[in-house]
Amino acid sequence: MLGFRFSYLYKLHTESFMGFNAVCLPGNPPGAFFRSSLPATPVSTPIRENGRFSEQALRERLCRTPSPRKCRLFESRVSEPDIGFNVLNSGLQLSSPDDDEIDEEAPRAFSPARPNLQGRLERLEQEKDLPANNLQRRIFVGGIPDRVTKKELKDFFSKFGKVTDGLIVQDHIKRKSRGYGFVIFSNAQEAERARNAPLSELEMHNKVLRVFPAEEKKTEKYKRDVREILFQQNTDEDLTPTCEEEPDSSVSSVVSKSTSLQNINEMTDDMLLLIFSYLGVRDRIKLEAVCRKWRKLALELWQCQTSINLQNVFCIWEGRPLTNRILLSLLKKCAGNLRKLDLSTASHTLDYKAVEIIAQCCPNLEHINLSSVKVTNVSLQQLAIKCPKLKNVILQRCFEVGEKGIWWLLHLCKKLECIDLTGNPRITGQCFHMAGSSLHTCALNKCSRFSPMGFTKLATRCRNLSALYLNDCFQLSDRALELLCQSLKHLKVLYVGGVFPDLTASGLHHIGRLSNLENLYLSQNQHVDDDVIYAVSRGCKKLRFLDLSGCNEISDYSLTSLSSCYSLRTLHISYLDRITDEGLSSISRQGSLETMLLRGCPNIGDQGLLTLVLLSPYLQHLDVSGCQHVTNVTVTACLDSVQARSSGKKLMLIAGGTSIELEALELDSNLLEVSRQNYCINSLRPDRLDYLGDDYEDDDEHFFENEDSASSEVENQACGGQSSASVDVNGEWSEIFESPL
């Protein structure tokens, strides 16, 4: 901006046959410009940075030749607050004829006296319409040929009236015309004549020019808003009472209003930083283009950023995917202070180069989620070398990662606490002989090639594991599970659900050796029987969560065994045809259950549920979706139970797909909530053959859509955000990576 003003003043001096004058800043207000009346004379007259002047008035002032020892002071007519956009307005005048009457013997200093308030208000009213008048005289011209000069453009439009100025916008990099510009006429009528001219009169070098009304600059809008604020403040000052008068309530409200913040630029940097911290990634990048001050504050905020979660920020379906270039620019802003990074929802176009970018820009990284990113062994090695502080690494569905990449990760990152390799088809487990003692969580769901030797390495090298996820690990055998249960004495979470060809009930008996086990997931494991549950109930006294859904060998005997697990809070026994009302009466003696799922159990009726709700004072969630023998008797029993509770806890009853008719009941209690949702999946029912019909596929599709939302809600309440093997890890990591930007 200073360079522009220097060149502008130099142009005026040159045209007036004057020499170039010096500019002196020390000891004077910041941004003050000085010029002299004669060539090579000392500094004379200061021109304020926010001063208003016109080219003609300043040229006339410079052409005069008064004595160099006598100076003239040019004060701005309106002292506007600095709004951050220092733009010269050539349409507003600095001087007036009254300036000639200033005493020549006036001291060489800025006068602190304020102009008369009434005069200021009158000038503000007059200056309100000045930008609008200038805008009416200006037209926008598009489609200008490249070889046209400014003079030719002015001569071309002079046939419509007197042209005072013209401009062709140029590309500051390529140094050539951008094909559009502006023309300013002496009055609005001439500009209107040019805008309404026929196309034949707008042809220039065999090309028809496009003429439109010029739009107001953003800076002019900001100056107009500030002018209105200043006018309002001056009006409020005029209404302020004196000390002798008694302040009226209405006047005091006006005074308080004038002293409050009227513009965002009046806020301090701390206030702006606090506001910017609530913005998302995209909005924070956009505000950097507003002004230099906001860009500086945004960069300060980025440098303080320790966590980035790109969920719902980049979407490939909307044409705005996350690329390596964008990722590089984001990470550079954080200046190496980033601790947590989640790319699981923005991994569509990222490849191995993205991992190398992360390794180069984030040396202090501790938590990273690279699910579905095309990570390779070499890129993972670079990440382990550059980021030795890694503690939590999620590599779900990273199909190109093999033994060498995990070997380098375990070898170089000695602080590694959690690793998730869900869905990896190449891991055999040999790399775990490099694992350190700090590893406490390992997710190997659907790792189909994880070998018995890998389980041996895992048991001998990772003795401090507290959570192990082995769902659908096909090569898990009785010997491998026995070795794991013998070595992992600190294990609290174990997931062994799904299909295991080499696993039998005798191997599952060893789970009873885990005395510290709290969460056990055995869903859809066909080798689980009553003897296994008996061993678990005798050895795992701290068990709080148990999922036996789809284990067809479970009967009422298992529920009788679980009645002695007094720490049990959540029990899932859906899709079991050998569970009857007698088994529910047995488990109700446990007395501490909070969540119970009984979806699709064909032999469950009102008698067992009546005993369950009466003997379980802490029960808060009961799902009997698809149990057709359940009637209104169960709802009445639930209503009586919640009304008799002293704790005041509510009960949620999900009764979709049952024989319950809510229209015949009067539920006037706030402690009982009954839902008609049906979360039962017919394809998992033990009596599913009875439900094959014309509308089976439609119903099953409807049930499948509702399954995830219902089960995740219930299971998150049961085990603190852990619902299944993959959902558990994702839920845990969503809390790790979730923080405001």
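The rules behind the values
- The written sequence of each chain sets the order in which its residues are numbered from 1.
- Per-residue local features are limited, in this predicted model, to residues with pLDDT of at least 70; the limit for side-chain atom pairs, both in listing and counting, is 80 or more; totals at the level of whole chains, interfaces and linings are taken over all residues.
- Side-chain figures throughout are based on the complete set of non-hydrogen atoms in the structure, without hydrogens or water.
- By the criteria applied, helices consist of DSSP H or I runs no shorter than four residues and strands consist of E runs no shorter than two, each listed in order from the N terminus.
- Contact criterion: two residues are considered in contact whenever any of their non-hydrogen atoms come within 4.5 Å of each other.
- All accessible-area figures derive from a Shrake-Rupley calculation using a 1.4 Å probe, and residue coverage is judged against the displayed protein chains alone.
- Burial status follows relative accessibility: with a 1.4 Å probe on protein chains alone, a residue under 20% of its type maximum counts as buried, one over 50% as exposed, and anything between as partly exposed.
- We define a salt bridge as a contact between a side-chain nitrogen of Lys or Arg and a carboxyl oxygen of Asp or Glu at a distance within 4 Å.
- Pairing between strands is defined by DSSP: at least two bridges between the two strands are required.
- Angles run from 0 to 180 degrees between N-to-C directions of axes, and those axes are lines fitted to C-alpha atoms, restricted for helices to the stretch in contact.
- Multiplying one less than the number of residues by 1.5 Å gives the expected span of a helix.
- Roughly parallel means an angle under 35 degrees; roughly antiparallel means over 145; roughly perpendicular covers 65 to 115; every other angle is labelled oblique.
- Lys, Arg, Asp and Glu make up the charged group, whereas Ala, Val, Leu, Ile, Met, Phe, Trp, Tyr, Cys and Pro make up the nonpolar group; the residues left over, Gly among them, are polar.
- Look down the strands so they point away from you; if going from the first strand over the helix to the second traces a clockwise path, that crossover is right-handed.
- Here a polar contact is recorded for every N or O atom pair within 3.5 Å, except that within protein the pair must consist of a potential hydrogen donor and a potential acceptor, and residues adjacent in sequence are included only if both atoms are side-chain atoms.
- The arc refers to the directions leading from the helix axis to the C-beta atoms.
- Pairing of aromatic rings covers Phe, Tyr and the six-membered ring of Trp, with a centre-to-centre limit of 6.5 Å; geometry is then stacked below 30 degrees between planes, edge-to-face above 60, and tilted otherwise.
- Only buried residues count toward a nonpolar core. Its members are Ala, Val, Leu, Ile, Met, Phe, Trp, Tyr and Cys residues joined through side-chain atoms within 4.5 Å.
- Like-charged residues are merged into a patch within 9 Å and nonpolar side chains (Val, Leu, Ile, Met, Phe, Trp, Tyr) within 5 Å, provided each residue has over 30% relative accessible area and no salt bridge.

You'll find the protein entered in an unreviewed UniProt entry as RNA-binding protein EEED8.10, with Trichonephila inaurata madagascariensis given as the organism.

Side note on the overall build of the protein
A tally of helices and strands in the protein yields 25 helices and 21 strands. Sequence separation of at least 24 residues holds for 70% of the intrachain contacts in the protein that already meet a minimum separation of 6. For the protein, the accessible surface area stands at approximately 36,800 Å², while carbon and sulfur atoms represent 51% of it.

Quick word on the environment of E215
Residue position: E215 is located in the loop between β6 (210-213) and α7 (218-239). The exposure class assigned to E215 is exposed, which follows from its relative accessible area of 69%. In this structure, the C-alpha to C-alpha distance between E215 and Q136, residues 79 residues apart in sequence, is 9.4 Å.

As for the pattern of salt bridges
Enumeration over the complete set of coordinates arrives at eleven salt bridges. A salt bridge links E288 to R295; its shortest N-O distance comes to 3.7 Å. With a relative accessible area of 42%, R295 lands in the partly exposed category. Here R685 and D687 are joined by a salt bridge, their closest N and O atoms 3.1 Å apart.

Side note on the sheet that holds strand β5 (residues 176-185)
Taken together, four strands build an open sheet; the order of strands is β4-β5-β3-β6 and the sheet is antiparallel. If you trace the sheet from one side to the other, it starts and ends with β4 (163-171) and β6, each paired once. Strand-to-strand, the axes of this sheet are offset by a mean angle of 25°, without reference to chain direction. Looking at chain direction, strand β3 (residues 138-142) and β6 are connected through four bridges and run antiparallel. The residue of β6 that forms the bridge with V141 is V211. Sheet strands touched by helix α5 (residues 150-157): β3, β4, β5 and β6. Its angle to β4, the strand with the most contacts, is close to 135°.

Here we look at helix α23 (residues 632-643)
Here α23 is twelve residues long and its end C-alpha atoms lie 17 Å apart, about the 16 Å a rise of 1.5 Å per residue gives. Those residues of α23 that sit buried are N632, T634, V635, A637, C638, L639, S641 and V642. If you follow the buried residues of α23, they end up packed against α22 (606-615), β20 (651-654) and β21 (672-675).

Concerning the packing of α22 against α23
It is at 9 Å that the axes of α22 and α23 come closest, and there the two elements cross at 10°. Here α22 lies roughly parallel to α23, going by the angle between them. Contacts between α22 and α23 involve D606, L609, L610, V613 and L614 from the former and V633, T634, A637, C638 and S641 from the latter. By residue class, the composition of the contact of α22 with α23 is seven nonpolar, two polar and one charged.

Some thoughts on the pairing of β20
Sheet topology note: the strand β19 (residues 621-623)/β20 ladder contains three bridges and is parallel. Considered in β20, the bridge of L622 is made with L653. For the crossover from β19 across α23 to β20, the handedness is right-handed. Two strands pair when backbone bridges link them, and β20 and β21 are joined in this way by four bridges, in the parallel orientation. Bridge pairing in β21 links M652 to E673.

What to know about the side chain of S625
Topologically, S625 is positioned in the loop between β19 and α23. Within the structure, the side chain of S625 is placed 2.6 Å from the side chain of D623, a separation counted as a polar contact. The residues touching S625, leaving out its near neighbours within four places in the chain, are L598, R599, G600, I654, G656, Q677, N678, Y679 and C680.

Observations regarding helix α6 (residues 188-195)
When α6 is considered as a whole, its buried residues turn out to be E190, A191 and A194. In a view along the axis of α6, the buried residues occupy a sector of 100°, so they form one face of it. Where α6 starts, the residue carrying a side-chain oxygen 3.2 Å from the main-chain nitrogen of Q189 turns out to be N187.

Some words on the packing of aromatic side chains
Here the structure, examined in full by the defined rule, presents twelve aromatic pairs. Ring centres of F140 and Y180 lie 5.7 Å apart, and the angle between their planes is 35°; this geometry places the pair in the tilted category. Of this pair, F140 sits in strand β3 while Y180 sits in strand β5, and the two are 40 residues apart along the sequence. Among the residues examined, Y180 registers a relative accessible area of 25% and is labelled partly exposed. Aromatic ring contacts, followed pair by pair, group F140, Y180, F182 and F212 into a single cluster.

So, the nonpolar core
Counting residues in each nonpolar core, the largest one holds 126 residues, and the members touching the most others are I358, F432, I511, M596 and L622. Here F432 is in contact with L410, L421, L439, C442, L444, F450, K457, L458, R461 and C462, once residues within four sequence places are set aside. The next biggest cluster of nonpolar side chains, apart from the first, holds 19 residues, and it includes I139, V163, L202 and M204.

Quick look at the pairing of β4
With seven bridges joining them, β4 and β5 adopt antiparallel strand pairing. Within β5, the position partnered with I168 by the bridge is G181.

A look at the side chain of S523
Examined against the element boundaries, S523 turns out to sit in the loop between β15 (519-521) and α19 (530-539). Relative accessible area serves as the criterion here: at 8%, S523 is assigned to the buried category. Each residue touching S523, except ones within four places of it in the same chain, is listed here: G497, G498, D547 and S549.

Some thoughts on a nonpolar patch on the surface
Nonpolar side chains collect at one region of the surface, where L610, L614 and L615 lie side by side and expose about 250 Å² of accessible area between them. Secondary-structure assignment places L614 in helix α22.

Section: unusual backbone geometry
Phi at D472 is positive, roughly 60°, even though this residue is not glycine. Relative to the assigned elements, D472 resides in the loop between β13 (467-469) and α17 (478-487). At Y575, a position not held by glycine, the phi torsion is positive, near 60°. In this fold, Y575 is placed in the loop between β17 (570-572) and α21 (581-587). Exposure remark for Y575: the relative accessible area of 5% places this residue in the buried category.

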